[in-house]
Amino acid sequence: MADAAGRLTKLAEEVLGAPLPVRIRAWDRSESGPPGAPTLVIRHRRALRRLLFKPGELGLARAWVAGDLDIEGDLYEALDRLAGLIWERDDAPKPQRAAVLRALARPEIRAAARELLSLAGAPVPPTPPAEEVRRRRGPLHTLRRDKEAISHHYDVGNDFYALVLGPSMVYSCAYWESPEATLEDAQRDKLDLICRKLGLREGRRLLDVGCGWGSLVLHAAREYGVRAVGITLSEEQATFARKRIAEAGLADRIEIRVQDYREIKDEPFDAISSIGMAEHVGRTQYAEYADALYSLLKPGGRLLNHQIARRPLADEEAYHVDEFIDRYVFPDGELAPIGRTVGQLEDAGFEVRDVEAIREHYALTLRSWVTNLERHWDEAARLTSAGRARVWRLYMAASALSFERNRIGVNQVLAVRTPEGGASGVSLRERTWTG
């Protein structure tokens, strides 16, 4: 059992056909790999069993969440180095996959795999961490299943989110004047940008779909004098938002509902915001989502759809949600390319007036959230669980890198329910965003 790290490094390099870009420290205190590199710490050989029973991303995720696997050194650097080894990505070059499969067929690799089995210990599948989504019921994107998915992600404690998000309690991409700005200033600027794009002013009525903890409706009512309805599927978010609104003396102007967008029957709104919510809708439901929002707007009303986008694939049918995100972060969430989103909004009848890509802004936002989480690590773990805190740290850090490397993006799409006469009401000079 001695020198487990050396044996694991040799196995990895034989399979990959390249030097391992990180250092390994194993449970027997052995170390191997490039000096000075970030260190992949395998705290327990149970991590190997997780990989053997669920090879690939899900096995790694379970080992990470359970604390069997850790990283010492710069987390971003380690994830960046390891990203090139994740050959199961949809956009990974096919020759690389073929090379790995050829390597696995070689006798020496099969021998190494048998050695891995001996290192892993008892051939019993470890229990998945408690933070993992268990078996889901019913077809995708029913009202009940969507509510359960939202609850998994958002109903983990308002106090936990307050540590991560800071005083703004805004859980979407901020809008940065510069990297030196504060997160709080950048989130305030994002809320104000949305209000200006929507042309909000006194007497108008706003619907915020996926209102979170109420930050946007509060800003819109306080600064622009609108009346607002915010909807969420999270009971915890709704309770928190109502308390904030009451304390601000705006309960007569803002209503918070626990409600699905498919259940709204109100007369039309002047403006609709959907900020970081459409990722939960799903591709099979997106046309219904776009149709529903169109029907809820008055003629001339505006929609601001703020949504994460993935890169398009040569074969769109090959798209699948990565297992870590699906099991631990956003159950049933799906990303679409920006072109598909724009097309489906147009199919619903909207005139798309502006698309602003702000992916670098999300990278800055996520790095700020990771810093907040790390600064309050012990308290965050106490408020939820150590496993949940580890989920959030990994997904936010990895997502920051994905935005920086243009693997995913985020866009604000301004669309109008333009009347038959063609008067959109949008300023001649785009991006001045006056009503």
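Above: the structure in question.
Computed from a prediction, not measured in an experiment: that's the story for all the values here. (Residues numbered from 1 in each chain as written. Predicted model: local features only at pLDDT ≥ 70, side-chain atom pairs only at ≥ 80, totals over all residues. Heavy atoms only, no water.)

1. Focus on the pattern of salt bridges
Here is the rule we go by: Should a side-chain nitrogen of Lys or Arg be within 4 Å of a carboxyl oxygen of Asp or Glu, the pair is scored as a salt bridge. Going along the chain from the N terminus, every DSSP run of H or I of four or more residues is numbered as a helix, and every run of E of two or more is numbered as a strand. Note on classification: 1.4 Å probe, protein chains only; a residue is buried when its accessible area is under 20% of the maximum for its type, exposed when over 50%, partly exposed between these limits.
Per the stated rule, a full pass over the model turns up 35 salt bridges. Among the ionic pairs, Arg81 bridges to Glu77, the shortest N-O distance being 2.8 Å. Of this pair, Arg81 and Glu77 are both found in helix α4 (residues 75-83), four residues apart, which corresponds to roughly one turn of the helix. According to the relative accessible area criterion, Glu77 is partly exposed, its value standing at 32%. Sharing partners across several salt bridges, the network here consists of Arg23, Arg25, Glu31 and Glu72.

2. Some points on a negative patch on the surface
Worth spelling out the cut-off: Patch construction takes residues with relative accessible area above 30% that form no salt bridge. Like charges are linked within 9 Å, and nonpolar side chains (Val, Leu, Ile, Met, Phe, Trp, Tyr) are linked within 5 Å. Only the protein chains shown count as covering a residue, and every accessible area follows the Shrake-Rupley method with a 1.4 Å probe. Neither His nor the chain ends contribute to the count of charged residues, in which Lys and Arg are positive and Asp and Glu negative. By convention, the charge on Lys lies at NZ, on Arg at CZ, on Asp at CG and on Glu at CD.
On the surface, a cluster of negative charge is contributed by Glu288, Asp291, Glu346 and Asp347. Breaking the negative patch down by element, the ones donating at least two residues are α12 (286-296) and α14 (338-347). Within the secondary structure, Glu288 sits in helix α12. Accessibility expressed as a relative area gives 38% for Glu288, which makes it partly exposed.

3. Some thoughts on the packing of aromatic side chains
Rule in force here: Whether two aromatic rings pair depends on their centres lying within 6.5 Å, for rings of Phe, Tyr and Trp, where Trp uses its six-membered ring; planes under 30 degrees apart make the pair stacked, over 60 edge-to-face, and the rest tilted. Charges are assigned to positions over rings by a cutoff of 6 Å between ring centre and Lys NZ or Arg CZ, combined with an angular limit of 35 degrees from the ring normal.
The tally for this structure, following the rule as stated, stands at 18 aromatic pairs. Each ring, one from Tyr161 and one from Trp213, has its centre 4.7 Å from the other, and the planes form 50 degrees; the classification is tilted. Of this pair, Tyr161 sits in helix α8 (residues 158-165) while Trp213 sits in the loop between β5 (205-209) and α10 (215-224), and the two are 52 residues apart along the sequence. The same class applies to Tyr161 as to Trp213, namely buried. Connected via pairs of aromatic rings, a cluster forms that spans Tyr154, Phe160, Tyr161, Tyr171, Trp213, Phe330, Tyr362, Trp369, Trp392, Tyr395 and Phe403. A cation over an aromatic ring shows up here: Arg310 above the ring of Tyr319, its NZ or CZ 3.9 Å from the ring centre.

4. Regarding the packing of α4 against helix α17 (residues 386-404)
Going by this rule: An axis is simply a line fitted to the C-alpha atoms; with a helix, the fit covers only the stretch in contact. Between two such axes, the angle follows the N-to-C directions and lies from 0 to 180 degrees. For classification, angles of less than 35 degrees are called roughly parallel, those exceeding 145 degrees roughly antiparallel, those between 65 and 115 degrees roughly perpendicular, and all remaining angles oblique. Each crossing gets its handedness from the near helix: less than a right angle anticlockwise from the far helix is left-handed, clockwise is right-handed. By the convention used here, residues are in contact when the closest approach between their heavy atoms is within 4.5 Å. Any residue that is not Ala, Val, Leu, Ile, Met, Phe, Trp, Tyr, Cys, Pro, Asp, Glu, Lys or Arg is counted as polar, Gly included; the first ten are nonpolar and the last four charged.
As a packed pair, α4 and α17 sit with axes 10 Å apart at the nearest point and diverge in direction by 65 degrees. In this view, α4 runs roughly perpendicular relative to α17, as classed from their interaxial angle. For α4 against α17, the interelement crossing comes out right-handed. Contact with α4, carried on its side by Leu75, Tyr76, Leu79 and Asp80, involves Arg393, Leu394, Ala397, Ala398, Ala400 and Leu401 of α17 and no other residues of that element. When grouped by side-chain class, the residues that make up the contact of α4 with α17 number eight nonpolar, no polar and two charged.

5. Focus: the sheet that holds strand β1 (residues 23-25)
The cut-off we apply is this: Pairs of strands are assigned from DSSP output, requiring at least two bridges between the strands.
Ordered in space as β2-β1-β3-β4, the four strands form an open sheet in which the pairing is mixed. On the outer flanks of this sheet lie β2 (31-32) and β4 (69-72), each paired with one strand and no other. In this sheet, β4 lies alongside strand β3 (residues 39-42) in antiparallel orientation, the contact comprising four bridges. Note on β4: the bridge partner recorded for Leu40 is Ile71.

6. Considering the sheet that holds strand β8 (residues 269-275)
Within the open sheet, the seven strands sit side by side as β7-β6-β5-β8-β9-β11-β10. Their pairing is mixed. In the strand order of this sheet, the two ends are held by β7 (254-258) and β10 (351-357), each with one partner. Going across the sheet, the axis of each strand differs from the next one's by a mean of 15 degrees, ignoring polarity. Sheet analysis places β10 next to strand β11 (residues 408-416), joined by six bridges and oriented antiparallel. From the neighbouring strand, Val352 faces β11, where its bridge partner is Ala415. In the packing of helix α15 (residues 359-375) onto the sheet, the strands contacted are β9 (297-310), β10 and β11, and the crossing angle to β11 comes to about 120 degrees.

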